[in-house]
Structure formats: structure tokens, C-alpha cells
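Residue-level structural notes
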Amino acid sequence: MLTLHCLAYSRALRIVWLLEELNTPYQLEFYDRTKEFRAPDALKKIHPLGKSPVIEDDGLVLAESSAILRYIDQRYGHGRHQPADQTPAFFAHNEWLDLSESSGAQPVIAAVMDKIAGKDTVPENPAMADRLGTFLDYVGARLEDRPFLMGDTPMLADIQISYLLALADRAGVLDTRPVLAAYWQRLQDQPGFQAAVAKAGPMAPPAH
Ligand SMILES: N[C@@H](CCC(=O)N[C@@H](CS)C(=O)NCC(=O)O)C(=O)O
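Described below are features of the structure shown in this document. (Residues numbered from 1 in each chain as written. Predicted model: local features only at pLDDT ≥ 70, side-chain atom pairs only at ≥ 80, totals over all residues.)

The next subject is the packing of helix α1 (residues 12-22) against helix α5 (residues 156-171). Packing of α1 against α5 brings their axes to within 9 Å, and their N-to-C directions diverge by 140°. The pairing of α1 with α5 is recorded here as oblique in orientation. Judged by the twist between their axes, the crossing of α1 over α5 is right-handed. Facing α1, whose interface residues are Leu13, Arg14, Trp17 and Leu18, α5 presents Ile159, Gln160, Ser162 and Tyr163. (Axes fitted to C-alpha atoms, helices over the stretch in contact; angles between N-to-C directions. Helix = DSSP H or I, 4+ residues; strand = E, 2+ residues; numbered from the N terminus. Parallel < 35°, antiparallel > 145°, perpendicular 65-115°, else oblique. Left-handed = near helix turned anticlockwise from the far one by under 90°. Contact = placed C-beta atoms within 7 Å.)

Moving on, we come to the sheet that holds strand β3 (residues 54-57). Spatial ordering of the open sheet is given by β2-β1-β3-β4, a layout of 4 strands whose pairing is mixed. Either end of the sheet is taken by a strand with one partner, and the two such strands are β2 (26-31) and β4 (60-63). Pairwise comparison of adjacent strand axes, ignoring direction, gives a mean angle of 20° for this sheet. In the sheet, strand β1 (residues 2-7) pairs with β3 via 3 bridges, with the strands oriented antiparallel. By the bridge assignment, His5 is partnered in β3 with Val54. Together, β1, β2 and β3 form the strand contacts of α1, whose direction differs from that of β1 by roughly 145°. (Pairing = 2+ DSSP bridges.)

Let us look at unusual backbone geometry. With an omega of 10°, the peptide bond running from Ser52 to Pro53 counts as cis. Relative to the helices and strands, Pro53 resides in the loop between β2 and β3. Omega for the bond connecting Val122 with Pro123 falls within 30 degrees of zero, at -15°, which places this linkage in the cis form. On the secondary structure map, Pro123 appears in the loop between α3 (88-116) and α4 (126-142). With phi around 50°, Tyr9 is a residue other than glycine that occupies positive phi space. Examined against the element boundaries, Tyr9 turns out to sit in the loop between β1 and α1.

So, to be careful, I would describe these as geometric facts and stop short of saying anything about function.
In C-alpha cells:
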């Protein structure tokens, strides 16, 4: 059976969402954060990077949430959370799926860390604020005329970006972005999201 190594308040919630939605049997190994809000050393025994999510399945050990989502969707979901292979939509979806970790994660995490540190402006660093604005503008423009990134149905890219929206909301940066705030609400309304939070707790860290 597939094992998911899931750190509290982490990107691993994305994987729980997909597994719950596909009804795939899995074992959840749950890890609390350290006092410094880091991953415990135990995760380094599973994968050299020592981060979460990581899965083990049939001898395969896989890190990186986008790679894990693709693997699970192809192996257990017949690729139903991605557009048909080799179509323009398939490649566009790859861009949206990869965007979260490549361009979105760093400025969003900077914003939430500065918020937790009590800074007046988040993110405090102007270059990071600029990158955050570019990322959120791009996602917001995409959602002007569709409920989810690829149209009417949530796909892997929506599951992937949900973690960033949880953090952006926690940082308060959705307060002035109604299109993104409404999208974040639609994601939270998904049964897979709700099942994931019920199993593994919230995505964003608590307020104190
Ligand atoms: N790009 C990786 C990032 C993995 C990552 O940084 N995970 C965080 C949790 S959200 C982590 O394990 N942090 C603990 C630490 O670095 O000590 C992915 O998408 O899976």
C-alpha cells in the first residue's frame, strides 16, 4: 500500500486531497513540526531532502509534490485530473502545475513569514513583494472567466496551488484580491479538500 509521509501544516495536504478524492487506499505517517517549525530529522531517513511530502509505493520513493500528484493521478486515477495527453491544454496545465513551486512558493512563503513576524508590510522585501504581485496578478487574470485554472473542473494544478492560497490568505494578501479570495473559497468547498483537512489538519500554520 502507498505510504504518505505527511508533515503538519504542509504541502503534503495536496497529496492527501488527491488520494482522498481518488479513494486510493494509503497509509498516513504523520509528523509534527519541531519548535522551530521545521521537519523532524526522522524525515531524512525516508528521503535525503528531509522534506514533506514524500511517498513510498512499490519500492519507489518520491519527493516533490508536483511529481507525486502526477504519479498518483496516472497510476491510480487514469490521469483524470489532467487534460488529455499531448493536447494544448495538457501542456498549458503543465505550466500551471509547475508554476506554484517554481514562481509562487517563495514570495508567498516570504509573505506569510513576515506576517507571522508581525511586519506591517508583507512581504517586507520589495523585490519579493514585486514577485508576489506578478504571480498573484497572473493567477487572478486566469480566473477572471473560469472557476478553476483549466475551466470548470479542478485539476492537479488547482490542488497544487491550494497550499499557496492557504498561505496567502493567512498572510492577508487575498483581502484586496476578490477574484482570488473567491477561488480560494471554491477550493475549500471541494470534498477532497475537506477530507484532507479532516485527516491531516489545516494547510496554513495557526495564527499563534
Ligand atoms: N518543492 C517541494 C517543497 C517541499 C517542502 O519544502 N516541504 C516543507 C513543508 S511544506 C518542509 O518539509 N519543510 C520542513 C523543513 O524544511 O524543515 C514540494 O513541492 O514538495
